[in-house]
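Each chain, letter by letter, is given below.
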Amino acid sequence: MPISPTDFDFVRAMVRKESAIALDPGKEYLVESRLTTLARQLGLVTADQLIEEVRRKPDNGLRYKIVEAMTTNETSFFRDVAPFDALREHVLPDLIARRAAQNSLRIWCGAASTGQEPYSLAMLIREHFPALASWRVEIVATDISREVLDRARTGRYSQLEVNRGLPASMLVKYFEKEGIAWRVKAPLRDMVTFREMNLIGSWTGVDNADIVMMRNVLIYFDVTIKKQILANVRRVLRADGYFMLGSAESTMNIDDKYTRVPVGRTSCYQPLGL
Ligand SMILES: C[S@@+](CC[C@H](N)C(=O)[O-])C[C@H]1O[C@@H](n2cnc3c(N)ncnc32)[C@H](O)[C@@H]1O
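Described in the following lines is the structure provided in the data block. All values reported here derive from a predicted model rather than from experimental measurement. (Residues numbered from 1 in each chain as written. Predicted model: local features only at pLDDT ≥ 70, side-chain atom pairs only at ≥ 80, totals over all residues. Heavy atoms only, no water.)

**Comments concerning the pairing of strand β9 (residues 258-263)**
Line of reasoning, step 1. As defined by bridge partners, β9 adjoins strand β10 (residues 266-271) across six bridges and the pair is classed as antiparallel. If you follow P262 over to β10, its bridge partner there is S267.
Line of reasoning, step 2. Turn length for the β9-β10 hairpin, with the two strands adjacent in sequence and antiparallel, is two residues, and the turn residue G264 shows positive phi of about 55°. (Pairing = 2+ DSSP bridges. Helix = DSSP H or I, 4+ residues; strand = E, 2+ residues; numbered from the N terminus.)

Here it is as structure tokens:
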């Protein structure tokens, strides 16, 4: 039975309040199918039973599970290629030159999902910037979903996942076989710290960032939230730092205090006034 308009509105308002994810009309099928899966995991049968349950005892744990179930965690290694080329060819060489006195770099991946993005970045650094081995390089990766963060921390990926975007040479070098899965080797895993963080909550431990990657998450938010997040990114990004968005995202027409820096086949953003 399809989800009722009242239940859809209830879930929609709750998800928006807790995560800013906008579930526009037309997404009823998505809510229905994700919540049916969650209901079954929790020993219930249908999505409306689950909604009934959360209405009856508005327990935070259940609310969180529903919000988490409504996140889309699609990702892959070296996703879209061009941003990683930009990091290798322009962003990292520029920052390495600018930070030569401090020998430190701080990178934040907001909305990192199951970890392919920060691990790609860690591999890129190890492969192409051996001099950084003696620097203090912090890669902080955050997401709202505890489930994806738990997976990311293990660094364990299926054959299908490593087949998506990861060059064979890097698989052999940075992963080890564990049963039928592949696991990121400990030295690379240790380069990334995973933490829970809601982009509409408080931003702690991500200030003074040299690079902020926040790819393929703003698309889920409406313009008011996008404005708020882009302003916050300006606050945590160093004046000469770089901000990277997903290929369908831009600061254009949302926040005019950024300048677009075209790099190869992609663009990065920097706070204006550099
Ligand atoms: C499509 S994935 C993007 C993963 C990766 N950045 C990439 O581009 O491949 C979007 C991620 O945003 C996270 N997300 C959604 N709303 C969020 C919020 N309010 N705060 C933090 N993360 C959020 C989801 O849990 C999901 O893992």
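**Section: empty space enclosed by the protein**
Line of reasoning, step 1. This structure, assessed with the given rule, holds one cavity of 30 Å³ or more.
Line of reasoning, step 2. Approximately 40 Å³ is the volume attributed to the largest cavity.
Line of reasoning, step 3. Lining of the largest cavity is provided by R106, I107, W108, V140, G205, V206, D207 and A209.
Line of reasoning, step 4. Ranked by residues supplied to the lining of the largest cavity, first place goes to strand β1 (residues 104-110) with three residues. (1 Å grid on protein atoms, 1.4 Å probe; cavity = no way out; pocket = protein on both sides within 12 Å on 5 of 7 lines; lining within 4 Å. Points joined across faces, edges and corners; volume = space filled by probe spheres on them.)

**Brief notes about helix α5 (residues 82-98)**
Line of reasoning, step 1. Compared with an ideal rise of 1.5 Å per residue, which puts 17 residues at 24 Å, α5 spans 23 Å between its outermost C-alpha atoms and is within 8% of the ideal.
Line of reasoning, step 2. The sharpest bend along α5 comes to roughly 45°, located at R88.
Line of reasoning, step 3. Among all positions in α5, only A82, P83, F84, A86, L87, V91, L92, D94, L95 and I96 are buried.
Line of reasoning, step 4. Buried residues belonging to α5 abut β1, α6 (116-128), β7 (209-214), β8 (237-245), β9 and β10. (Expected span 1.5 Å × (residues − 1). Bend = angle between axes of the 7 residues up to and from the residue. Buried < 20%, exposed > 50% of the residue type's maximum accessible area, 1.4 Å probe, protein only. Contact = heavy atoms within 4.5 Å.)

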